[in-house]
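# Commentary on secondary and tertiary structure
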Amino acid sequence: MSNFQVVEHPLIQHKLSILRRKEVSTKEFRELVDEIGMLMAYEVSRDLPLEDIEIETPVAKATVKQLQGKKLAIVPILRAGIGMVDGILKLIPAARVGHIGMYRDEETLKPVEYLVKLPTDIADRQIFLVDPMLATGGSAILAIDSLKKRNANNIKFVCLVAAPEGVKALQEAHPDIDIYAAALDDHLNEHGYIVPGLGDAGDRLFGTK
Ligand code: URA
């Protein structure tokens, strides 16, 4: 079974508590998602492989570490995932960015993919798939199906708030994918919102409500 990890860093927890408040403005919400995205990237990149290289400092030759050159891609699930991209890019500026867009079919209530735009060498990349909310897990499962269809297998799913229902569904569908969240909330309500959650992340990020 995949690993589900709540990232307990105090800065993440503090900023997430502000983010949840209903009076937070669009501007503040966007800034906080950006900052938390950056802090999550710090934790999620903890196990990136390093290699030894020889360099010269002004004083002596030295053997030091550098990232092994493993190529990264950040893939936001549209639209709310976009809010996390810039924060992650602040730490990993050379990462490529792909996009996966989905809408919810009004009849089946299931997510339907309408856009997949990925780096051509996506199969060779370590992917951070990002979406602030892991609610039912439907979008994340479909996005990972889509990435795996393109032979991408090295995927970490990164969200801010997860519902137990979404974690379970995602782990059952994709037991090989590790999940990182800033919080595990209580449950999903009858409208599909995470409780207590933070509302509709897309609307709050883009000021559309
Ligand atoms: N998507 C959101 O933006 N918020 C929720 O609570 C659930 C899904």
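Residues numbered from 1 in each chain as written. Predicted model: local features only at pLDDT ≥ 70, side-chain atom pairs only at ≥ 80, totals over all residues. Heavy atoms only, no water.

### What to know about the UniProt feature "binding site: uracil" (unreviewed entry) in the chain
Filter applied, for reference: UniProt positions are given in the numbering used here, feature names are shortened, and annotations may be inferred rather than shown by experiment. For each residue, the accessible area found with a 1.4 Å probe, counting protein chains only, is set against the maximum for its type, and the residue is called buried under 20%, exposed over 50%, and partly exposed in between. Residue contacts follow a heavy-atom distance rule, with two residues in contact if any of their heavy atoms lie within 4.5 Å. Helix and strand definitions follow DSSP, with helices as H or I runs of at least four residues and strands as E runs of at least two, each counted in order from the N terminus. Whenever a nitrogen or oxygen atom comes within 3.5 Å of another N or O atom, the pair is scored as a polar contact, on the condition that within protein one atom can donate a hydrogen and the other can accept it, and that pairs from neighbouring residues in sequence are kept only if both atoms are in side chains.
UniProt tags Ile-194, Gly-199, Asp-200 and Ala-201 as "binding site: uracil" (unreviewed entry). When its relative accessible area of 7% is taken as the criterion, Ile-194 is described as buried. Not counting chain neighbours up to four residues away, the residues in contact with Ile-194 comprise Met-133, Leu-134, Ala-135, Val-161, Ala-162, Ala-163, Asp-185, His-187 and Leu-188. Checked against the element boundaries, Asp-200 lands in the loop between β15 (194–195) and α6 (201–206). Non-local contacts of Asp-200, meaning those with residues more than four positions away in its chain, are made with Arg-79 and Tyr-193. A distance of 3.0 Å separates the side chain of Asp-200 from the backbone nitrogen of Gly-202, its partner in a polar contact.

### Looking at the sheet that holds strand β11 (residues 161–162)
Counted only if it meets this: Pairing between strands is defined by DSSP: at least two bridges between the two strands are required.
Across the sheet, which stays open at both edges, the three strands sit in the order β9-β11-β13 with parallel pairing between neighbours. Each having just a single partner strand, β9 (133–134) and β13 (183–184) make up the two edges of the open sheet. Bridging between β11 and β13 involves two bridges; their strand directions are parallel. Opposite Ala-162, over in β13, you have Leu-184 as the bridge partner.

### Describing the site of the ligand
Just so we agree on the cut-off: Proximity is defined per residue: if any heavy atom of the residue lies within 4 Å of a molecule or strand, that residue is considered near it. Reported accessibility uses the Shrake-Rupley method at a 1.4 Å probe radius. Residues are deemed covered only where the shown protein chains occlude them. Just so you know the grouping, Ala, Val, Leu, Ile, Met, Phe, Trp, Tyr, Cys and Pro go in nonpolar, Asp, Glu, Lys and Arg go in charged, and all remaining residues, Gly too, go in polar.
The immediate surroundings of the ligand are formed by Met-133, Ala-135, Gly-192, Tyr-193, Ile-194, Gly-199, Asp-200 and Ala-201. Measuring from a nitrogen atom of the ligand, one finds a backbone N or O atom of Gly-199 at 2.7 Å. Interatomic distance of 2.8 Å between a backbone N/O atom of Ala-201 and an oxygen atom of the ligand. The protein chains hide 82% of the 240 Å² of surface that the ligand would expose on its own. Considering only residue class, the shell around the ligand consists of five nonpolar, two polar and one charged.

### Quick look at the pairing of strand β7 (residues 111–117)
For strand β6 (residues 99–104) and β7, the ladder comprises six bridges, and the chain directions are antiparallel. Across the sheet, residue Arg-104 finds its bridge partner in β7, namely Pro-111.

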